[in-house]
Amino acid sequence: MVASIASKICSRLIQSKNTILRRVPIYPVFINKRNNSYGNLLQSNTVRIGCASGFWGDTMTAAPQLIYGGGLDYLVLDYLSEITMSLLTAMKNKDSNAGYPVDFVQVVIAPHIKEIKKRGIKVISNAGGVNPEACAAALQAVCSQAGIDLNIAVVNGDDLVHRAPELQNQGVKEMYSGVSMPKSVTSVNAYLGAGPISRALDLGADIIVTGRCVDSALVLAPLVHKFKWGYEEFDKLAQGSLAGHLIECGAQVTGGIFTDWHTVPNWSNIGFPIVECAEDGNFVVTKPPKTGGIVSKATVAEQLLYEIGDPACYQLPDVNCDFTQVSLGDVDGHDGEAVFVSGARGVASSSQYKVSATYMDGYRMTAVCCVGGPRSKDKAERTAEAILKRTRAIFKQLKMADFSKVNIEILGSENNYGHNSKLPAGSREAVLWLAVHHPDKRALNILAREIAPAGTGMAPGLTGIVGGRPKVSPVLKLFSFLHDKDDLKIDIAMNGKHVETYTPPKVAQEGQSSGSPKQSEVKATGEVHIGSHSYRLEDLAYTRSGDKGNSCNIGVIARHPAYLPYIRQALTEVTVAEYFAHLLEADKGAKVDRYECPGIHGLNFVLHEALGGGGIASLRSDPQGKAYGQMMLDFEIHDMPALVDIINES
């Protein structure tokens, strides 16, 4: 908690929809918290950045909310994932003018272009996808139609798909498994950093579209531009990257998917996130006034651990970040509206970019069927087995191969909980989830035809097939590797003309972070007493889970610092692996790592080989581990004192 008011961050207050915003002080904020002293924050020297999209398909209400009510200097939008890149590549192959999320142009920019110009808001997005030039051309057309003059910049150079044969001949290896690059590559994109985006701002850009870059770079870039941070100022770069990491997923930091979801008001108008950052890198996370959602230390802490591995070594193109000592502070008078963030540390990044490729590996099909009546779980299981048996008999007659992979889940029976299920077997309604892989598209079309006959020739109570006859789609898998920064040409264009080739700055490779200590190296930081009480983890902690490829991370943040020793003692790498044993692919070397994040009283668990392939390659109903954190809330911790006694003794 912050004890006293030292200064105020100035925000912008809307007087009317058609009135340009002016600065008025609303947030008291405290600087140099890392040294337990509070200096002054210059009111005229902050940057206010809002994020209106956490993925391609986010709500269309976010952009106008932030444009008209956010008092922004910059609006950023994140659209890309590894799978999105592959889908956009397929679109471009069919139409040379496609390959970018058209929502960005048609839904975000076009309706609000005059207001963006009037308010002087600069827009930065990776909405270029695999065709940034086409996206920029569409934006130019919007500006021309509206009679608006804006400088539109393009950052290019991430797309390496044309170099796939060269990379294959070089013997590129996957950075995790060590396998060679497959021949059926559909997309290859390097994760660029903030440098070229910042440079485009230096050159006078008003709207910047990029291809693939790290999500946090969209926020770090305007901070580097505004404050002229050097690329050796690692702590500032780490703070700016943390600001980007916290808001890159949109409403997830303002109460979306929060553990205590029942306390979050007005989801229908949830506020989208804003960071207001000072020159020293410290910042406040907030949202537009009079919007739904919550900004609290808990919502921010959950998002801090979302989709990262070792919080002491979060590797980015511009800086390697250490988030273990990040401090979160309440802002007096703004409970549920603003949180102060400081304490990220950084060291030099590596000399290589991470590159993600996607490749074709056969086809998949998923059938979802509703089943009602007594013993629905048993009926659904037997129905699935019968459909597969019949289809395999057809395959044998046609001399086709068997399925390469099959996944059957009975949703409603706590199937995803495995051996942790507490639901009686006699469920009276269930949903059959039947998903398969096969190398031949024709085989899956046969299976798709054989689903409906179950409604008349198998178990009673099959009430419908969700979406009708299942569709067959290609399986896209992820292949990640490292590529030298010096072997990449990054170009910046403005208004359709090339202006310069960007060269990443040379930064001395100083001492790299050694990573946070594993559980075996952690010394006890609090006394644990034996008691007679048992608690679910939800009583003690918040959780948030997310995916990286075929791995899932689960962040666990203690509701009170005094609870952390008990959580640490109970949640070990072994006990977590046992809890999720039914989801870990032991034959692929599955394991669990645990990392410490003491600044937010948290632990981060990484479950390797835990998603059945991950993303679109997975046949599971939860291919991204979105529910893993929720499932962990039921983990039981025994022999504890009463919670009030734990707090009183701390």
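Structural data are supplied above this passage.
Residues numbered from 1 in each chain as written. Predicted model: local features only at pLDDT ≥ 70, side-chain atom pairs only at ≥ 80, totals over all residues. Heavy atoms only, no water.

Peer 1: I keep staring at the nonpolar core and nothing clicks. Help me out?
Peer 2: Among soluble globular proteins, nonpolar side chains are generally buried collectively. Leu246 and Val341 are the most contacted members of the largest nonpolar core, which totals 84 residues. For this core, the element with the most residues is helix 8 (residues 217-227), which contributes eight residues. Among residues more than four places away in sequence, those in contact with leucine 246 are Val253, Phe283, Val285, Val300, Gln303, Leu304 and Val341. (Core = buried A, V, L, I, M, F, W, Y, C linked by side-chain atoms within 4.5 Å. Buried < 20%, exposed > 50% of the residue type's maximum accessible area, 1.4 Å probe, protein only. Helix = DSSP H or I, 4+ residues; strand = E, 2+ residues; numbered from the N terminus. Contact = heavy atoms within 4.5 Å.)

Peer 1: Got a minute to help me understand the sheet that holds strand 11 (residues 314-315) in this structure?
Peer 2: Where strands meet in a sheet, backbone hydrogen bonds hold them as pairs that are either parallel or antiparallel. Spatially, 11-12-15 is the arrangement adopted by the three strands of the open sheet, whose pairing is antiparallel. Each edge of the sheet is formed by a strand with only one pairing partner; in this case those strands are strand 11 and strand 15 (345-347). Where strand 12 (residues 320-322) and strand 15 come together, three bridges link them in antiparallel fashion. The residue of strand 15 that forms the bridge with aspartate 322 is arginine 345. Sitting on the sheet, helix 9 (residues 234-247) is in contact with strand 11, strand 12 and strand 15, with an inclination near 115 degrees to strand 15. (Pairing = 2+ DSSP bridges. Axes fitted to C-alpha atoms, helices over the stretch in contact; angles between N-to-C directions.)

Peer 1: Mind showing me how you'd approach a nonpolar patch on the surface here?
Peer 2: The grouping of Met175, Tyr176 and Leu482 at the surface amounts to a nonpolar patch, some 320 Å² of accessible area in total. For tyrosine 176, a relative accessible area of 61% corresponds to the exposed category. (Patch = residues over 30% accessible without salt bridge, like charges linked within 9 Å, V, L, I, M, F, W, Y side chains within 5 Å. Areas by Shrake-Rupley, 256 points an atom, 1.4 Å probe, with all protein chains shown as cover. Salt bridge = Lys/Arg side-chain N within 4 Å of Asp/Glu carboxyl O.)

Peer 1: Explain the packing of helix 11 (residues 376-397) against helix 12 (residues 441-449) here, please?
Peer 2: Contact geometry of helix 11 with helix 12 gives a least axis separation of 10 Å together with a crossing angle of 135 degrees. Regarding the angle of helix 11 to helix 12, the classification is oblique. Crossing angle aside, the handedness with which helix 11 passes helix 12 is right-handed. Seen from helix 11, the contacting residues are Ile387, Thr391, Ile394 and Phe395; seen from helix 12, they are Ala443, Ile446 and Leu447. Of the residues belonging to the contact of helix 11 with helix 12, the class tally is six nonpolar, one polar and no charged. (Parallel < 35°, antiparallel > 145°, perpendicular 65-115°, else oblique. Left-handed = near helix turned anticlockwise from the far one by under 90°. Nonpolar A, V, L, I, M, F, W, Y, C, P; charged D, E, K, R; others polar.)

Peer 1: Looking at this structure, I do not really get the environment of aspartate 280. What am I missing?
Peer 2: Mapped onto the elements, aspartate 280 comes out in the loop between strand 9 (274-278) and strand 10 (283-286). By relative accessible area, aspartate 280 is classed as partly exposed at 23%. Measuring from C-alpha to C-alpha, the distance between aspartate 280 and serine 342 comes to 9.7 Å, with 62 residues separating the pair along the chain.

Peer 1: What am I meant to see in the pairing of strand 21 (residues 490-494) here?
Peer 2: Side chains on a regular strand alternate between the two faces of the sheet. In terms of burial, strand 21 is a largely internal element, four of the five residues being buried. Here strand 6 (residues 152-156) pairs with strand 21 via four bridges, running antiparallel. Looking at strand 21, one finds that alanine 153 is bridged to methionine 494. Where strand 21 lies against strand 22 (residues 497-502), five bridges are found, and the strand directions are antiparallel. Following the sheet pairing, methionine 494 is matched in strand 22 by lysine 497. Counting the residues that bridge the hairpin from strand 21 to strand 22 gives two residues, and of these asparagine 495 lies at a positive phi of roughly 55 degrees.

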